[in-house]
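# Overview (structure and organization)
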Amino acid sequence: HFKLKTNKDMMRKLIEVFSYRNDISQRRAMAEDSLALLLARHSFSVPNHLVLRQQKAVLNRIKTNSDYHVYRMQRDFKERVFQLAQKQAKETILIDQIAYAENLQVTRQDIECYLNLTKRPRMKEFIYFDPPISKVDGKEMPLSEEEMKHACLREKTLNYIIYHLTQE
């Protein structure tokens, strides 16, 4: 899944996940840096309705956090949520565009690997984008295959980007 050919490559990949710096895994830091580099080089604007939709999703996720009321009391809370939503919307658009331009495809094995990453909290660090929501009102709901393919394609595209940016 990660184009690992040797045990040495496997060890490096495990270090990405299990190494932390400032409470952020090395893997997440690499993903954020890669996307920030691409967004700095390829500037584009995001339609406001997409940012507002993402902002609503961010707020729904934050509301489940026990520290939500503390966050909400911050003076610049709304501005930070808007900036985060804008960043996430740009990243999603960029990833989808790269996947389309590079003609990346998802296989059933890719989806199985993706689902295996969601099983353990530490392995979830491999997943950068939020996985599809499978719980509605506290009940598990089935996910469509297309939703899973799309989520998996985003992660596969991110791995593709990191792979090509870190080639020596």
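First, a word on what this report is: a plain description of the structure on this page. Per-chain numbering applies: the sequence of each chain, read as written, is numbered from 1 onward. Local features in this predicted model are restricted to residues of pLDDT 70 or higher, and side-chain atom pairs are both shown and tallied only at a pLDDT of 80 or more, whereas totals for entire chains, interfaces and linings draw on every residue. To obtain the side-chain values, all non-hydrogen atoms of the structure were included, while hydrogens and water were left out.

## Details of the packing of aromatic side chains
Applicable threshold: Pairs were defined over the aromatic rings of Phe, Tyr and Trp, the Trp ring being its six-membered one, requiring ring centres within 6.5 Å. Orientation was assigned from the angle between planes: stacked under 30 degrees, edge-to-face over 60, tilted for the rest. Relative accessibility decides the category of a residue: with a 1.4 Å probe and only protein chains considered, values under 20% of the type maximum give buried, values over 50% give exposed, and everything between is partly exposed.
Under the definition given, this model contains 2 aromatic pairs. Centroid distance Tyr-68 to Phe-77: 6.2 Å. Interplanar angle 75°. Geometry classified as edge-to-face. Ring geometry for Tyr-128 versus Phe-129: centroids 5.1 Å apart, planes at 90°, classification edge-to-face. Grouping residues by exposure puts Tyr-128 and Phe-129 together as buried.

## Overview of unusual backbone geometry
Rule in force here: For helices the rule is a DSSP run of H or I covering at least 4 residues; for strands it is a run of E covering at least 2, with both sets numbered from the N terminus onward.
With a phi close to 55°, Asn-103 is a non-glycine residue in the positive phi region. With respect to the helices, strands and loops of the structure, Asn-103 is situated in the loop between helix H5 (77-101) and helix H6 (108-117). Take Asn-103: its relative accessible area is 56%, and that puts it in the exposed class.

## Notes on helix H3 (residues 48-63)
Going by this rule: Helix span, as expected, comes to 1.5 Å for every residue beyond the first. Of all possible arcs, the one meant is that of the directions from the helix axis to the C-beta atoms. Two residues form a contact once any of their heavy atoms are found within 4.5 Å.
Across its 16 residues, H3 extends 22 Å between first and last C-alpha, which sits within 8% of the 22 Å expected from 1.5 Å per residue. Among the residues of H3, Val-51, Gln-55, Val-58 and Ile-62 are the ones counted as buried. Buried residues of H3 fall within an arc of 65° about the axis and therefore sit on the same side. Of the residues in H3, the exposed ones pointing more than 90 degrees away from the buried face are Arg-53 and Lys-56. Contacts from the buried residues of H3 go to helix H4 (68-72) and H5.

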